[in-house]
Amino acid sequence: MERRSTVTLRQFEENDQRRVIYVFKNSMMDLFKPNYQRHLSYRRFINVFLLALCLYLSLYVYNSVLLCVVIVALIPTAYNISTHIIFKQCIRKRLASDLKDIKTTYIDIDSGSGNFWVAVYDGQIVGTVALFLREFEGRGMQPELTTMYVHRKYRRLGIGTKLMNKAVQYANDHQFSCVFLTTGEDNHEARKLYIKTGFVKIREYVVNYHVLMSTVMTTYVLNLKPVVDDAVTATPDTSSIKQK
Ligand SMILES: CC(C)(COP(=O)(O)OP(=O)(O)OC[C@H]1O[C@@H](n2cnc3c(N)ncnc32)[C@H](O)[C@@H]1OP(=O)(O)O)[C@@H](O)C(=O)NCCC(=O)NCCS
């Protein structure tokens, strides 16, 4: 059976809120494992140093094999818990801000000028994507692509590509000069999708959570039309952008 053909995209509706949050939370937690593993290996020198110090203290100073075993187990556990806390905070932050009331934030004309779409498969929402207007690099208000999530059971079926095409088409139709987005460096699947679409990397920055944990975030841009000098700072008229 060809699953690809049964996927349809439509604009977010008010009663989609719960299912969208479910897809968001699940997809976010899928990013947990690669993040945790990276933190364990990324700061390799610090981790090896910490381990050696702990081993020295437990075996030579306190002369306890049990303490040594506990410490060896504690280091990955501490990273696991730390990563978990950071992820939960990120989820809570989104749930308390833009995802709290998606219709108001993304669709209602008075409070925003983006849009939000869902991918429906067999009557069920399995993917999401959104555009949110922000000032971008002196180019006026441009759409930032956010909330690109496909439920894990439905990945590699072209749904991410369809959602991406929908968002880019919308931005094109409304004469924005670009679409931009930010993603984590260890998000290989998403980065492949973005690069395949034509996005190019323009900036990297480091977000430090605490002394042992940080992540590199990358901003990508997809230019939709050549930037003309006097149009660079012009803000597109967003009054007609709704109900696609
Ligand atoms: C990124 C994501 C949205 C892609 O959705 P998808 O429906 O699987 O994407 P598609 O099937 O349309 O694949 C599009 C391209 O993405 C890349 N890709 C997607 N999954 C991949 C994987 N597991 N391994 C390698 N490349 C992958 C490929 O280049 C693919 O093109 P191809 O099939 O021609 O090789 C999905 O993996 C996801 O929801 N991930 C978790 C949430 C997330 O990271 N969101 C982005 C936040 S910035």
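Residues numbered from 1 in each chain as written. Predicted model: local features only at pLDDT ≥ 70, side-chain atom pairs only at ≥ 80, totals over all residues.

(A) Molecular detail of the overall build of the protein. Scanning the protein from N- to C-terminus turns up seven helices and seven strands. Overall, the protein shows an N-to-C arrangement of helices and strands of β-α-α-α-α-α-β-β-β-α-β-α-β-β. Counting all 244 residues of the protein, 22% fall into the buried class. At a minimum sequence separation of 6, the contacts of the protein that also span at least 24 residues come to 67%. (Helix = DSSP H or I, 4+ residues; strand = E, 2+ residues; numbered from the N terminus. Buried ≥ 20, exposed ≤ 12 C-beta atoms within 10 Å, placed from the backbone. Contact = placed C-beta atoms within 7 Å.)

(B) Main features of the site of the ligand. Taken together, the neighbourhood of the ligand is formed by 20 residues, with Arg155, Gly160, Thr161, Lys192 and Leu193 sitting nearest. Contributions of two or more residues to the shell around the ligand are made by helix 1 (17-30), strand 4 (141-150), helix 6 (159-173) and helix 7 (188-197). Looking at the shell around the ligand, the element that brings in the most residues is helix 7, giving five residues. Partitioning the shell around the ligand into residue classes produces eight nonpolar, six polar and six charged. (Near = placed C-beta within 6 Å. Nonpolar A, V, L, I, M, F, W, Y, C, P; charged D, E, K, R; others polar.)

(C) Region of interest: the UniProt feature "transmembrane region" (unreviewed entry) in the protein. Under the present numbering, the feature "transmembrane region" (unreviewed entry) in UniProt falls on residues 45-63 and 69-87. Within the segment residues 45-63, helix and strand shares are 89% and 0% respectively, and the terminal C-alpha atoms sit 25 Å apart. Note that residues 69-87 is 100% helix and 0% strand, and that its end C-alpha atoms are spaced 28 Å apart. (UniProt positions renumbered as here; feature names shortened; annotations may be inferred.)

(D) Local environment of the pairing of strand 6 (residues 200-210). In terms of residue burial, strand 6 counts as a barely covered element, since only zero of its 11 residues are buried. In the sheet, strand 6 pairs with strand 7 (residues 213-223) via nine bridges, with the strands oriented antiparallel. Of the residues in strand 7, the one forming a bridge with arginine 203 is threonine 219. (Pairing = 2+ DSSP bridges.)

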